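For reference, the chains in residue letters:
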Amino acid sequence: MNTNFAELMTKLESLDIKNMYLNDFFLTWEKTDDEIMAVWTVADALRNLRERNISTKVFDSGLGISLFRDNSTRTRFSFASACNLLGLEVQDLDEGKSQVAHGETVRETANMISFMADVIGIRDDMYIGKGNAYMHEVTEAVEEGYKAGVLEQRPTLVNLQCDIDHPTQIMADTLHIIHEFGGIENIKGKKIAMTWAYSPSYGKPLSVPQGAVGLFTRLGANVVLAHPEGYDIMPEVEEVAKKNAAACGGSFTKTNSMAEAFKDADIVYPKSWAPFAAMEKRTNLYGEGDLEGIKALEKELLAQNAEHKDWTCSEELMATTKDGKALYLHCLPADITGVSCEEGEVDASVFDRYRDPLYKEASFKPYVIAAMIVLEKFADPVKLLKDLEAEGTARIHKN
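How each quantity is defined
- Residues numbered from 1 in each chain as written.
- Predicted model: local features only at pLDDT ≥ 70, side-chain atom pairs only at ≥ 80, totals over all residues.
- Heavy atoms only, no water.
- Helix = DSSP H or I, 4+ residues; strand = E, 2+ residues; numbered from the N terminus.
- Rg over C-alpha atoms; globule rule 2.2 N^0.38 Å.
- Buried < 20%, exposed > 50% of the residue type's maximum accessible area, 1.4 Å probe, protein only.
- Pairing = 2+ DSSP bridges.
- Phe/Tyr/Trp six-rings, centres within 6.5 Å; stacked < 30°, edge-to-face > 60°.
- Salt bridge = Lys/Arg side-chain N within 4 Å of Asp/Glu carboxyl O.
- Core = buried A, V, L, I, M, F, W, Y, C linked by side-chain atoms within 4.5 Å.
- Contact = heavy atoms within 4.5 Å.
- Patch = residues over 30% accessible without salt bridge, like charges linked within 9 Å, V, L, I, M, F, W, Y side chains within 5 Å.
- Areas by Shrake-Rupley, 256 points an atom, 1.4 Å probe, with all protein chains shown as cover.
- Right-handed = clockwise from strand over helix to strand, strands pointing away.
- Axes fitted to C-alpha atoms, helices over the stretch in contact; angles between N-to-C directions.
- Parallel < 35°, antiparallel > 145°, perpendicular 65-115°, else oblique.
- Left-handed = near helix turned anticlockwise from the far one by under 90°.
- Nonpolar A, V, L, I, M, F, W, Y, C, P; charged D, E, K, R; others polar.
- Polar contact = N/O pair within 3.5 Å; in protein donor to acceptor, adjacent residues only side chain to side chain.

Novice: Mind showing me how you'd approach the overall build of the chain here?
Specialist: Assigned secondary structure in the chain consists of 16 helices and eleven strands. For 399 residues, the compact-globule estimate of 2.2 N^0.38 gives 21 Å, and the chain sits close to it at 21 Å. Along the three orthogonal principal directions, the C-alpha set of the chain runs to about 55 × 55 × 45 Å. Within the chain, the proportion of its 399 residues that are buried is 56%.

Quick look at the structure:
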């Protein structure tokens, strides 16, 4: 057995993860420390096997259903990659081509797409109070279908981004941090700055900054949330961050100064988002079908953003971080000044310097999603992974 793989199996054996089996993944703070650690451990184990050309095909057939209510590149392909890694075929649910427009209920849609599905991945991140609630409605529907004998198996759900959290992104970001710092124990006491940054576009979801403060505060780090006045995140998520920090020996503070957040930071995550109050207002306007109101709100928010163009990840700010070498994170795509926009979240020179680490950061997401699926679908993941290594089936057959 590979030494690193054996260590991962020993770690996994020590974790209490029985409640993950036949369950779903909605929000990181709903999972225990052991369950969060298990996702990272299984992700590393799957990557270890693939790097050694060992097949991780644990399903002979079955579907992974993907439903994206917002545009996506990384998460969409990461979900497809994760399903393929495990042997599942992906089928996209395009609601525009379904009967949803003709009055098909959530309960009916959920059951009709799940006859041979093992996992459902959903991104629904644009409307406050809607996305996470919709995901729960889907899981309740398939649970009822399974109990009624309509479905031979109960497909589990992976949250690919909702209005509250982006767990696959933040779990991947954190696994990247763990690898960059040589272990989760080395993150304790480090300063992590989750900061707003200027973008010329409007209405970016809150789920990345909320997911970041909701998970980074569990690492024993000193997490700083920075944004201009008025760009608050959900107050209930701030409460989660405060409780996590108190329980894990770190801290959670807020500031309206990007410079203060960057000073002596070990990790920086400059990312634009829309104000919570504005996102609530937009949700209400859509519910009322007020298209003119939506246009007026968009114009108002773009003007509000433009008042804070100095909130950008510049070379000058990066020089003030710990030894001038803070780890720069972004969920991508970043608004790069002079490249993708005239003025944006980050200087082109900063982005170029961190390009390879950013792509490595993104590369953890397929393995994180695959790990979530494994832990949801298999009661004994340690035996499963050990069996895969022992069988040693080549993923690519060599002549």
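Novice: What should I look at first to understand the sheet that holds strand β8 (residues 267-270) in this one?
Specialist: Whether parallel or antiparallel, the strands of a sheet pair through hydrogen bonds between backbone atoms. Ordered by their spatial adjacency, five strands build an open sheet running β7-β6-β5-β8-β9, and the pairing between neighbours is parallel. Both outer strands of the open sheet, β7 (251-255) and β9 (327-328), are each paired with one neighbouring strand and no more. Pairing of strand β6 (residues 222-226) with β7, which is carried by five bridges, proceeds in the parallel orientation. Among the inter-strand pairings, L225 is bridged to a residue of β7, identified as K254.

Novice: I'm lost on the packing of aromatic side chains in this one. Help?
Specialist: For any pair of aromatic rings, the description rests on two quantities: the centre-to-centre distance and the angle between the ring planes. Under the defined criterion, the tally for this structure stands at five aromatic pairs. Where W196 meets Y231, the ring centres are 4.6 Å apart and the plane angle is 50 degrees; that geometry is what we call tilted. Placement of the pair is W196 in the loop between β5 (191-195) and α7 (207-216) and Y231 in the loop between β6 and α8 (235-248), with a sequence separation of 35 residues. When its relative accessible area of 0% is taken as the criterion, W196 is described as buried.

Novice: Please explain unusual backbone geometry as it appears in this structure.
Specialist: When glycine is set aside, most residues are seen to have a negative phi, and most peptide bonds are trans. Note the cis peptide between L332 and P333, where omega equals 0 degrees. For P333, the position within the fold is in the loop between β9 and β10 (336-337).

Novice: So what exactly am I meant to see when it comes to the pattern of salt bridges here?
Specialist: Should their charged atoms come close, side chains of opposite charge can pair. Evaluation of the coordinates by the stated rule reveals 22 salt bridges. One salt bridge connects K386 with E13, and the closest N-O pair in it is separated by 3.1 Å. Of this pair, K386 sits in helix α16 (residues 381-391) while E13 is found in helix α1 (residues 3-13), placing the two residues 373 residues apart along the sequence. On the basis of relative accessible area, E13 is assigned to the partly exposed category, the value being 48%.

Novice: I'm lost on the nonpolar core in this one. Help?
Specialist: Of all hydrophobic cores here, the largest spans 125 residues; its most connected members are F216, Y328 and L385. In terms of residue count, helix α2 (residues 33-51) provides more of this core than any other element does, ten residues in total. Beyond its immediate stretch of four places on either side in the chain, Y328 contacts V268, P270, C313, M318, A334, V346, F351, Y354, L358 and E361.

Novice: Would you take a moment to explain a nonpolar patch on the surface for this structure?
Specialist: Taken together, M112, F115, M116 and V150 make up a surface patch of nonpolar side chains, about 400 Å² in accessible area. Residue position: V150 is located in the loop between α5 (131-147) and β4 (156-162). According to the relative accessible area criterion, V150 is partly exposed, its value standing at 41%.

Novice: What is the right way to look at the pairing of strand β1 (residues 63-68) in this model?
Specialist: On any regular strand, side chains alternate: one points to one face of the sheet, the next to the other face. With respect to burial, β1 is a largely interior element, five of its six residues being buried. Bridging between β1 and strand β2 (residues 89-92) involves four bridges; their strand directions are parallel. When the bridges of β2 are listed, I65 appears paired with Q91. Handedness of the crossover joining β1 and β2 through helix α3 (residues 74-86) is recorded here as right-handed.

Novice: Whenever I open this one, the packing of α2 against helix α15 (residues 365-377) confuses me. Can you help?
Specialist: A pair of packed helices is characterised by two quantities: the angle between their axes and the separation of those axes. Their axes nearest at 8 Å, the elements α2 and α15 cross at an angle of 110 degrees. Between α2 and α15, the crossing angle belongs to the class labelled roughly perpendicular. The handedness of the crossing between α2 and α15 comes out as right-handed. Contacts from A38, V39, V42, A43, L46, R47 and R50 in α2 reach Y367, V368, A370, A371, M372, V374 and L375 in α15. Residues belonging to the contact of α2 with α15 are distributed by class as follows: twelve nonpolar, no polar and two charged.

Novice: Even after reading the chapter, I still don't get the sheet that holds β4, so can you show me in this structure?
Specialist: Strand order in this open sheet of four strands is β2-β1-β3-β4, and the pairing throughout is parallel. Taken across any chain shown, the strands that pair with only one partner, and hence form the sheet edges, are β2 and β4. Put simply, the sheet's adjacent strands are angled 20 degrees from each other on average, direction ignored.

Novice: Whenever I open this one, the environment of D290 confuses me. Can you help?
Specialist: With respect to the secondary-structure elements, D290 resides in the loop between α10 (276-288) and α11 (291-306). Residues D290 and N4 lie 286 residues apart in sequence; the distance between their C-alpha atoms is 57 Å. In this structure the side chain of D290 is engaged in a polar contact, spanning 2.8 Å, whose partner is the backbone nitrogen of G293.

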